[in-house]
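Structural characterization, general
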Amino acid sequence: MTGAAHDPLAEKLQSAFRILADYGRVLERHAEGGILLPESQLPAGRDAIKACVLLSAVYHISNGAPRDEIAARGRISYATLAHFVPDAIAEKEAAFNASAQHALGHIVRKDAPPGELVSAMTDAPIREMENARAGYASLEAEFDAALARILAEWPR
């Protein structure tokens, strides 16, 4: 049997686009959340998602899509992987954010937040949040270098 249904490249593209769609849904669910996201919600391993983002970018650029626009979208998707951390750390940040919101409610009402709320707010995963920010910048550079290398070798 031959044809598009058994074309290995078409199958790989379809699989990559499916993973990216699932990844996009994960990001949408967390659009209003904190900085740290639970890695258990990734639809595939980090390296697989990176490869899918690069494959998608190269596919679209090679089919005439504007390079700068595609690269910008791909860079964000790729770099956002830095925000996925072990679930316990993401839960720690979520608890901190909930405590902070609750404390703000007390402040707006001009009453003092309860002591246990104040102590819960001191348990923010600051180091992990800073690592995610630094990792984001590192992954942006990694994406740009990988995309440039692939496109330089891509047949025209």
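Not measured: the values here are computed from a predicted model.

1. Points about the nonpolar core
Soluble globular proteins tend to bury their nonpolar side chains together. Formed by 27 residues in total, the largest nonpolar core has its most connected members in I49, F143 and L147. Contributions of two or more residues to this core are made by helix 1 (8-29), helix 2 (46-62), helix 3 (67-79) and helix 6 (126-153). With seven residues, the top contributor of residues to this core is helix 2.

2. A look at the environment of R46
Within the fold, R46 resides in helix 2. The spatial distance from the C-alpha of R46 to the C-alpha of Y78 is 9.1 Å, given a sequence separation of 32 residues. Sequence-distant contacts of R46, defined by excluding residues within four places in its chain, comprise E39, L81, F84 and V85.

3. What to know about the side chain of H83
In this structure, H83 sits in the loop between helix 3 and strand 2 (84-85). Reaching out from H83, the side chain makes a polar contact with the backbone oxygen of I35 at a distance of 2.8 Å. Dropping the residues within four chain positions of it, H83 is found in contact with I35, L36, L37, A132 and Y136.

4. A look at the environment of V26
With respect to the secondary-structure elements, V26 resides in helix 1. Residue classification places V26 among the buried positions, given a relative accessible area of 3%. In sequence terms V26 and L37 are eleven residues apart; their C-alpha atoms lie 9.3 Å from each other. Once you skip the residues sitting within four places of it in the chain, V26 turns out to touch Q41, P43 and F84.

5. Digging into the packing of aromatic side chains
Tallied over the full model, the rule gives three aromatic pairs. Between Y23 and F84 the ring centres are 6.1 Å apart and the planes differ by 45 degrees, which places this aromatic pair in the tilted class. Placement of the pair is Y23 in helix 1 and F84 in strand 2, with a sequence separation of 61 residues. Centre to centre, the rings of Y78 and F143 are 5.4 Å apart; their planes meet at 55 degrees, and the pair counts as tilted. Of this pair, Y78 sits in helix 3 while F143 sits in helix 6, and the two are 65 residues apart along the sequence. Residue class for Y78 comes out buried when judged on its relative accessible area of 3%.

6. Quick word on the packing of helix 3 against helix 6
Between helix 3 and helix 6, the shortest axis-to-axis distance is 8 Å and the interhelical angle comes to 135 degrees. The angle between helix 3 and helix 6 falls in the class oblique. Here helix 3 and helix 6 pass one another in a crossing that is right-handed. Counted together, R67, A71, G74, R75, I76, Y78 and A79 of helix 3 and Y136, L139, E140, E142, F143, D144, L147, A148 and L151 of helix 6 form the full contact between these two elements.

What counts and what doesn't
Residues numbered from 1 in each chain as written. Predicted model: local features only at pLDDT ≥ 70, side-chain atom pairs only at ≥ 80, totals over all residues. Heavy atoms only, no water. Core = buried A, V, L, I, M, F, W, Y, C linked by side-chain atoms within 4.5 Å. Buried < 20%, exposed > 50% of the residue type's maximum accessible area, 1.4 Å probe, protein only. Helix = DSSP H or I, 4+ residues; strand = E, 2+ residues; numbered from the N terminus. Contact = heavy atoms within 4.5 Å. Polar contact = N/O pair within 3.5 Å; in protein donor to acceptor, adjacent residues only side chain to side chain. Phe/Tyr/Trp six-rings, centres within 6.5 Å; stacked < 30°, edge-to-face > 60°. Axes fitted to C-alpha atoms, helices over the stretch in contact; angles between N-to-C directions. Parallel < 35°, antiparallel > 145°, perpendicular 65-115°, else oblique. Left-handed = near helix turned anticlockwise from the far one by under 90°.

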